[in-house]
Amino acid sequence: MSNKATLVHLKHYINKKNRIMIKGLFIPIICGLSVLLASCAGSQKNTGSHSTPSLKKIFEKDFVIGTALNTGQIEQKDSTADALIKSQFNAATPENIMKAEVIHPQWDKYDFTIADKLIEYGQKNNIKINGHTLIWHSQLPAYARNIKSIDSFKTFFAGHINTVAGRYSGKIFSWDVVNEALNEDGTMRKSIFLEHLGDNFVTEAFRLAAAASPHTELYYNDYNNEQPAKRAGCIVLIKKIKAAGVRIDGVGIQGHWHIGKIPLKEIEESILQYSALGLKVMFTELDIEVLPRNFSGADVNQRMKEDASLNPYVKGLPDSVQQQLANDYAALFDLFLKHKDKITRITFWGVDDGQSWLNGWPVRGRTNHPLLFDRNFQPKPAFYKVVEAKKNFDATKKGF
Ligand code: G3I
């Protein structure tokens, strides 16, 4: 019985039984009951059931739909979140657990516990796993950051790739082999890898990964690499890998963008230019920041000072912002669909707003709303706009 029907039924019952009921008592009872029922409805969680359309099904002929997963999600701690993941996504990237500091915490010690669980979770649920990431300057274990000798560093570099990529050979769909090796101007980022191995380290990483995991797709992944200067640097890097006769299968554009400022023109140009190199194009860490920020991108070393004015939507998004977010997502998916022959995967950087890294960066402790599902795992207006984008695309193709 619906909430409304329950109320009508109760009102009728009370009236009949207590014809002398004092009006002043009846009204508070009904009001209390309404609040109770409304709050039950509000806290109702999405179980990923029939009522919500499934993104992975809707886009199954276009591209796979991924999410970032954290430890709790891999271990299926929350059954609501788990049902949502299984109903919506057919690809997943570990948010942190395959990064060097977790998987290779000491020089001679690897910890595959959670990564193995992720692989099993993917196999059981038909979810393609994208390993993230073999070589990244960030989230390195302390011992690696402190290696002084070039020979030791080479041993760490090759050992890490051989061991981690080798373990999941034949079990994992793809790897972000190298992550964020470029500066905004397209030059190579100053990192411990560049310092010890020179700018050939990117090609070497792909060579080692291809040997250790010959049937796994291999990608270069970065943020802001849709922007002209960084994109140009990225293309130089890709051409260099190919010129060395080393395999690279795709390029990931992370897609950490800001509300009202989605660089659609540059994104389209990037899809065209990267795919012209014979590479698959992916959007690998999609989210749309709604809170104030004075710089773009996703450099985890950049931070802003805490200030209440930087956290305006603690109680939820105002309608106008919710609509802008929905329109931004719709415009993105219009573009993705237009180039679906070149794009293989769209991965959101998290399942729901509560999980997003943007609640803690670049300012700690904020309430951000960058994804398609809210903190109660409910689809937001942006979710329905994405679904609508697909319907409109199909209708246009059919000439309606
Ligand atoms: O594991 C420690 C835990 O032991 C400690 O108690 C806790 C206290 O803060 O910190 C935990 O580490 C955090 C880690 O996430 C795991 O939760 C780090 O502080 C936190 O900085 C780290 O943030 C991650 C960030 O990468 C670090 O670089 C985010 O979750 C993750 O979403 C983010 O992902 C990156 C992609 O890998 C690459 N592209 C950019 C993207 C966003 O930064």
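From a predicted model like this one, the values you see are computed outputs, not experimental measurements.

S.K.: Before we go on, may I ask you to explain the overall build of the protein in this structure?
M.R.: In terms of regular secondary structure, the protein is built from 15 helices and 9 strands. Looking at the protein as a whole, 52% of its 400 residues are labelled buried.

S.K.: Would you mind showing me how to read the side chain of Glu266 here?
M.R.: By the element assignment, Glu266 lies in helix α13 (residues 264-276). Residue class for Glu266 comes out buried when judged on its relative accessible area of 17%. With near-sequence residues (within four places) excluded, Glu266 lies in contact with Glu226, Gln227, Pro228 and Arg231.

S.K.: Can you help me understand the site of the ligand in this one?
M.R.: Lining the immediate surroundings of the ligand are 15 residues, of which Glu95, Lys99, His132, Glu180 and Glu285 lie closest. The contact in question runs from an oxygen atom of the ligand to an N or O atom on the side chain of His132, over 2.7 Å. Within the side chain of Glu180, an N or O atom sits 2.8 Å from a nitrogen atom of the ligand. Computed on the free molecule, the ligand has an accessible area of 790 Å², of which 52% lies beneath the protein chains in the complex. Across the shell around the ligand, the residue classes tally to 4 nonpolar, 7 polar and 4 charged.

S.K.: Would you take a moment to explain unusual backbone geometry for this structure?
M.R.: A negative phi angle is the norm for most residues apart from glycine, just as the trans form is the norm for most peptide bonds. Following His132, the chain continues into Thr133 via a peptide bond in cis, with omega recorded as 0 degrees. By secondary structure assignment, the location of Thr133 is in strand β3 (residues 128-135). The linkage connecting Trp361 with the following residue, Pro362, adopts the cis geometry, with an omega of 0 degrees. Secondary-structure assignment places Pro362 in the loop between β9 (343-348) and α15 (381-397).

S.K.: So what exactly am I meant to see when it comes to the packing of aromatic side chains here?
M.R.: Two measures describe an aromatic ring pair: the distance that separates the ring centres and the angle between the ring planes. One pass over the full model with this rule turns up 20 aromatic pairs. Here the aromatic rings of Phe333 and Phe336 are separated by 5.2 Å at their centres, their planes lie at 70 degrees, and the arrangement is edge-to-face. One end of the pair, Phe333, and the other, Phe336, are both in helix α14 (residues 319-338), 3 residues apart, so they sit about a helical turn from each other. Note on accessibility: Phe333 and Phe336 belong to one class, buried. Taken together through their ring pairs, the aromatic side chains of Phe59, Phe63, Trp257, Phe283, Tyr329, Phe333, Phe336 and Phe348 make up a single cluster. A cation over an aromatic ring shows up here: Lys128 above the ring of Phe173, its NZ or CZ 4.5 Å from the ring centre. Sitting above the plane of the Tyr223 ring, Lys230 keeps its charged end 3.9 Å from the centroid.

S.K.: Is there a simple way to think about the packing of helix α12 (residues 228-243) against α13 in this case?
M.R.: How two helices pack is summed up by the angle between their axes together with the distance between the axes. With their axes 11 Å apart at the nearest point, α12 and α13 run at an angle of 10 degrees to one another. Taken together, the axes of α12 and α13 lie roughly parallel to each other. As for the relative orientation of α12 and α13, their crossing is right-handed in sense. Along its contact with α12, which presents Pro228, Arg231, Cys234, Ile235 and Ile238, the element α13 presents Glu266, Glu269, Ser270, Gln273 and Tyr274. Class assignment for the residues of the contact of α12 with α13 results in 5 nonpolar, 2 polar and 3 charged.

S.K.: What am I meant to see in the pattern of salt bridges here?
M.R.: Where side chains of opposite charge bring their charged atoms close, a pairing between them can arise. Applying the stated criterion across every chain yields a total of 22 salt bridges. A salt bridge links Lys240 to Asp199, with the shortest nitrogen-to-oxygen separation between them at 3.2 Å. Taken as a pair, Lys240 in helix α12 and Asp199 in the loop between α10 (192-197) and α11 (201-212) lie far apart in primary sequence, 41 residues in all. Measuring nitrogen to oxygen at the nearest pair gives 3.7 Å for the salt bridge that ties Glu289 to Arg366. Here Glu289 is found in strand β8 (residues 280-289), whereas its partner Arg366 is found in the loop between β9 and α15, with 77 residues between them in sequence. An identical accessibility class is assigned to Glu289 and Arg366; each is buried.

Definitions and cut-offs
- Residues numbered from 1 in each chain as written.
- Predicted model: local features only at pLDDT ≥ 70, side-chain atom pairs only at ≥ 80, totals over all residues.
- Heavy atoms only, no water.
- Helix = DSSP H or I, 4+ residues; strand = E, 2+ residues; numbered from the N terminus.
- Buried < 20%, exposed > 50% of the residue type's maximum accessible area, 1.4 Å probe, protein only.
- Contact = heavy atoms within 4.5 Å.
- Near = heavy atom within 4 Å.
- Polar contact = N/O pair within 3.5 Å; in protein donor to acceptor, adjacent residues only side chain to side chain.
- Areas by Shrake-Rupley, 256 points an atom, 1.4 Å probe, with all protein chains shown as cover.
- Nonpolar A, V, L, I, M, F, W, Y, C, P; charged D, E, K, R; others polar.
- Phe/Tyr/Trp six-rings, centres within 6.5 Å; stacked < 30°, edge-to-face > 60°.
- Lys NZ or Arg CZ within 6 Å of the ring centre and 35° of its normal.
- Axes fitted to C-alpha atoms, helices over the stretch in contact; angles between N-to-C directions.
- Parallel < 35°, antiparallel > 145°, perpendicular 65-115°, else oblique.
- Left-handed = near helix turned anticlockwise from the far one by under 90°.
- Salt bridge = Lys/Arg side-chain N within 4 Å of Asp/Glu carboxyl O.

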